[in-house]
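Chain residues, written in single-letter form:
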Amino acid sequence: MALLLAGLAGISAGRAQGDDALTNAELRRQLEVLQRRLDRLEARDRRNAAPPRQAPARAAVPASRPVAPLGAPPGAPLGAQAEAEAAAREARAAAAEARAARREAEAAQAKVTAVTAPVPGLAPPDPVGRQDFMGEGGDALRSDLPGIAFRVPGVDSQVRLYGFAKVTGWQDFGGRNQSDAPAPSLIPLRGSAADRQGGDFGMSGRFSRIGVDTRSLTGWGTLETRLEGDFGGGSALENNAVFRLRQAWAEIGPEQLKVLAGFTNSLWNEGLFETIIDATNLNQSFVRQVQLRVTGRLAPGLTGQASLEAPDTNFVSADGVVAPTARLQGGASPAFNHMPDILGRLTYRDAGWELGLRGLLRGLQVRTAGTNAGVASQTVDATGWGLAGHVRMPMRILSPWFGPDEFVLGGYYGEGIGRYFFGSSGGIDAASNLGLPGAQAGVSLNPIPTWGVTAAYRRFWAPQWRSNFSWSWSRQDFPAYARLYVPGSAAATALNRELLQAFANLIWSPFAEAGADGRVNTGWLDIGLEYLFTRRDLYGGSEATGPGQAGHGTASRLLFGAVARF
C-alpha cells in the first residue's frame, strides 16, 4: 500500500514538475524536492518488503529462556519478530509521508494550473515566429510573437506581454541619408549637397517594441484589447529614443463577426515581403490610424473587412506640401478633412495560398476662406480612390523541391491615395495651382494618379536559413501646371515621376523548425544581412531641380540587423 501511494504521489508530482518547467521556477524547485523525497520512500519500502532473514540454528536452551512478545507467532524467532515490527512501523510512516507528499504535489499543481491553464473558449496564443509572412497589414491585428501569457485567477481572461529587442546597423554608399528608415521618395538627388557628402554609417535600436494584450470571454464573444509601442518617435540621429504609440484598440465578437475600435493598422496596409529595414518601402503601406472596423468570416478561409478610418488630406502647391496641420504663408492651412476614409478588404488563405483585394474611397478638400492663399474664398472638392491586389503562391505546388518557398505578386492603381504609399509619393494625394497665376481664376485640386507593381520571392535554403528577393516599380502622373513650380523648390523636388527599388537579404534563424505541414516556424531570433538599391526620377527631370542637379537620385545601403522576440 505504501508503495502504491508513493507511486501515485510521484506521478502527480511528475506532472506538476512537467508543467512547471514551462512556467514557474520556484514551483519547479519545490516539486523536484518532493520527487527526491518520494524516491527515498520507495527505496525504503522495497527494503521493508524483503523477506526477513532466517535466524541461525541455536543449541537447546534451558527452560528459563525469555518468553516471546505478546502476539508473536508461536515459535517465531525473537530477532525476526523485532525486524517485522520495525518494518511495519516504517511502512506506516512511509504511507503517511507519501500521502502528505501527494497533497503537497496536488496543491503545487493547482497553483500552476491557476496561472497557466487556458481559458475554455479562448484560442491559444499564436505560434512562435512567422510561418507565412503576411506583412504588417496582411495579419494586421495578430502579432507573430507568442509572448509571455498567463491566466488571471478567478476570471475568464488571459494577459500576454510580448515584444522584441532589435538593433540595426547600416552603411550608405550613395548620398547621405542619416536615417534608419529612409523613404524611397526622399533619397538625395544626384548633385545635391547630401549626394556630394557621400554615405555614412549608423546604428539604431529605436524600433524595439513592447506590448500587452488581453483576451476575455464575454456574453458577446471574445473581447481582445491591445496596447503597443516602440521607441521610434524621435529623431534617427539621436540616441535618446522617444516612446510612441503603435496600437491601442479593443475588438469584441465571436469568430464570425467582430467589431474593432481604436488606433491600429489601416486595412490598406500590406507588407508583401520580409525585410530587415524598418522603412516604408516602395509599394508597401504601414499606416496606423484611428478607425472603426468590422471583420466577418464569409466562408472557410475567406475573411471580409470594412472600416471607417481617420483622414489626412495632403496636397502640393507652388508653396510646398500642405497638410491640415501645416501653415500656409504664416496663416491657417487650406487642406481640409471633411469625411472619413472608407476602406474594404477581402482575404482568402488556404494551404499556403493567399489572395488579397483592397479598396479605398476618400474625400479631399481645399478651403481658402480664412487663409493667406491670396485668392477669393472658395471650397474645392475632389475624390480619391484606389484598388490593390496581391497573390502569394506556395512554390511546393510546382515541385516538392521548393519546400516552403513563396512567390508574391502585387499591384495597385489609384488617384489621390498618396498618403497610403509614402514610399513613392512622400504622402502627397493631390496637386493644386495655389500660388500660381491661374489660381486667381479658380483653385484646382487634382488627385494624383499612381500605380505600381511588386514581385518577390522567399527562398528557404534550410529551415534556419532564408532569403528574400524583391523588385518594385511605381509611377505617378501630374497636371501640366506642376511644371510651373519653381525649379529646386520643395514643391518641384517632391514630384516623383518614377521609382524603382530592389532588395536581397540573408536571414539566419538558429531556432527555426520545419513543421509537419511543410511550413517553417522561424523561432524567436533572427540575424541577417540586407542590401537595397533605390532610384527616383523627378517629374520634369533636371528642369525641376535647377542647375547642378540631375533630376534623379540613387541610393545603395548595406544593412545588418538582429531581433530577439519574447
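Scroll up for the structure.
The structure contained in this document is the topic of the report that follows. (Residues numbered from 1 in each chain as written. Predicted model: local features only at pLDDT ≥ 70, side-chain atom pairs only at ≥ 80, totals over all residues. Heavy atoms only, no water.)

**Some points on the sheet that holds strand E18 (residues 445-447)**
Part 1 of the reasoning: On the basis of which strands lie adjacent, the open sheet formed by four strands has the order E11-E10-E17-E18 and mixed pairing. Of all the strands in the sheet, just strand E11 (320-322) and E18 have a single pairing partner and so form its edges. Across the sheet, the axes of successive neighbouring strands diverge by a mean angle of 30 degrees, strand direction being ignored.
Part 2 of the reasoning: The pairing of strand E10 (residues 315-317) with strand E17 (residues 430-432) spans two bridges and is parallel. What sits directly across from Phe315, in E17, is Ala430. (Pairing = 2+ DSSP bridges. Helix = DSSP H or I, 4+ residues; strand = E, 2+ residues; numbered from the N terminus. Axes fitted to C-alpha atoms, helices over the stretch in contact; angles between N-to-C directions.)

**Section: the pairing of strand E7 (residues 257-265)**
Part 1 of the reasoning: For strand E6 (residues 244-253) and E7, the ladder comprises five bridges, and the chain directions are antiparallel. Within E7, the residue paired with Ile252 across the bridge is Val259.
Part 2 of the reasoning: Taken together, E6 and the strand that follows it, E7, pair antiparallel across an intervening segment of three residues.
Part 3 of the reasoning: Here E7 pairs with strand E8 (residues 288-299) via nine bridges, running antiparallel. When the sheet's bridge partners are listed, Leu257 is paired in E8 with Gly296.

**Let's talk about the side chain of Thr450**
Part 1 of the reasoning: Within the fold, Thr450 resides in strand E19 (residues 449-462).
Part 2 of the reasoning: Separated by 3.4 Å, the side chain of Thr450 and the backbone oxygen of Arg475 make a polar contact.
Part 3 of the reasoning: The residues touching Thr450, leaving out its near neighbours within four places in the chain, are Tyr412, Tyr413, Gly414, Ile417, Arg475 and Gln476. (Polar contact = N/O pair within 3.5 Å; in protein donor to acceptor, adjacent residues only side chain to side chain. Contact = heavy atoms within 4.5 Å.)

**Focus: the environment of Ala564**
Part 1 of the reasoning: Structurally, Ala564 can be placed in strand E25 (residues 552-565).
Part 2 of the reasoning: Since its relative accessible area comes to 27%, Ala564 is described here as partly exposed.
Part 3 of the reasoning: As for Ala564 and Phe164, which are separated by 400 residues in sequence, their C-alpha atoms are 5.4 Å apart.
Part 4 of the reasoning: The residues touching Ala564, leaving out its near neighbours within four places in the chain, are Gly163, Phe164, Ala165, Trp524 and Leu525. (Buried < 20%, exposed > 50% of the residue type's maximum accessible area, 1.4 Å probe, protein only.)

**Looking at the side chain of Asp405**
Part 1 of the reasoning: Relative to the elements of secondary structure, Asp405 occurs in the loop between strand E15 (379-394) and strand E16 (406-415).
Part 2 of the reasoning: Judged by its relative accessible area of 0%, Asp405 falls in the buried class.
Part 3 of the reasoning: A polar side-chain atom of Asp405 sits 2.7 Å from a polar atom in the side chain of Arg459.
Part 4 of the reasoning: Residues within four places of Asp405 in sequence aside, it is in contact with Met393, Pro394, Met395, Tyr457, Arg458, Arg459 and Phe460.

**Considerations on a nonpolar patch on the surface**
Part 1 of the reasoning: Residues Ile148, Leu161, Ile210, Val212, Leu227, Phe231, Phe243, Leu245 and Phe566 make up a contiguous nonpolar surface patch of about 750 Å² in total accessible area.
Part 2 of the reasoning: You can see Val212 is positioned in strand E4 (residues 209-218). (Patch = residues over 30% accessible without salt bridge, like charges linked within 9 Å, V, L, I, M, F, W, Y side chains within 5 Å. Areas by Shrake-Rupley, 256 points an atom, 1.4 Å probe, with all protein chains shown as cover. Salt bridge = Lys/Arg side-chain N within 4 Å of Asp/Glu carboxyl O.)

**Re the packing of aromatic side chains**
Part 1 of the reasoning: Across all of its chains, the model carries 11 aromatic pairs by this definition.
Part 2 of the reasoning: Seen from their ring centres, Phe511 and Trp524 are 4.8 Å apart, and the 20 degrees between their planes marks the pair as stacked. Taken together, the residues Phe511 in the loop between strand E21 (496-508) and strand E22 (513-514) and Trp524 in the loop between strand E23 (520-521) and strand E24 (525-538) connect sequence positions 13 residues apart.
Part 3 of the reasoning: Judged by its relative accessible area of 38%, Trp524 is partly exposed.
Part 4 of the reasoning: Over the ring of Tyr420 we find Arg419, and its NZ or CZ is 4.9 Å from the ring centre. (Phe/Tyr/Trp six-rings, centres within 6.5 Å; stacked < 30°, edge-to-face > 60°. Lys NZ or Arg CZ within 6 Å of the ring centre and 35° of its normal.)

**Structural notes on unusual backbone geometry**
Part 1 of the reasoning: Even without being glycine, Gln178 reaches a positive phi, approximately 55 degrees.
Part 2 of the reasoning: Assignment of secondary structure puts Gln178 in the loop between strand E2 (157-172) and helix H5 (193-197).
Part 3 of the reasoning: For Asn283, which is not glycine, the phi torsion reads 70 degrees and is therefore positive.
Part 4 of the reasoning: Residue classification places Asn283 among the buried positions, given a relative accessible area of 6%.

**Let's talk about the pattern of salt bridges**
Part 1 of the reasoning: For the coordinates displayed, the defined rule picks out 30 salt bridges.
Part 2 of the reasoning: Residues Arg297 and Glu255 are paired through a salt bridge, measuring 2.9 Å at the closest nitrogen-oxygen approach. Here the residue Arg297 occupies a position in strand E8, and Glu255 occupies one in the loop between E6 and E7, the gap between them amounting to 42 residues.
Part 3 of the reasoning: In this structure Arg297 comes out as partly exposed when scored by relative accessible area, which is 41%.
Part 4 of the reasoning: Arg466 is the salt-bridge partner of Asp526, the closest N and O atoms lying 3.2 Å from each other. A residue pair is termed long-range when its members are at least 10 positions apart, and Asp526 in strand E24 and Arg466 in strand E20 (residues 465-476) qualify at 60 residues. As far as burial versus exposure is concerned, Asp526 and Arg466 are alike and both buried.
Part 5 of the reasoning: The network of salt bridges with common partners includes Arg209, Glu228, Asp230, Arg244 and Arg246.

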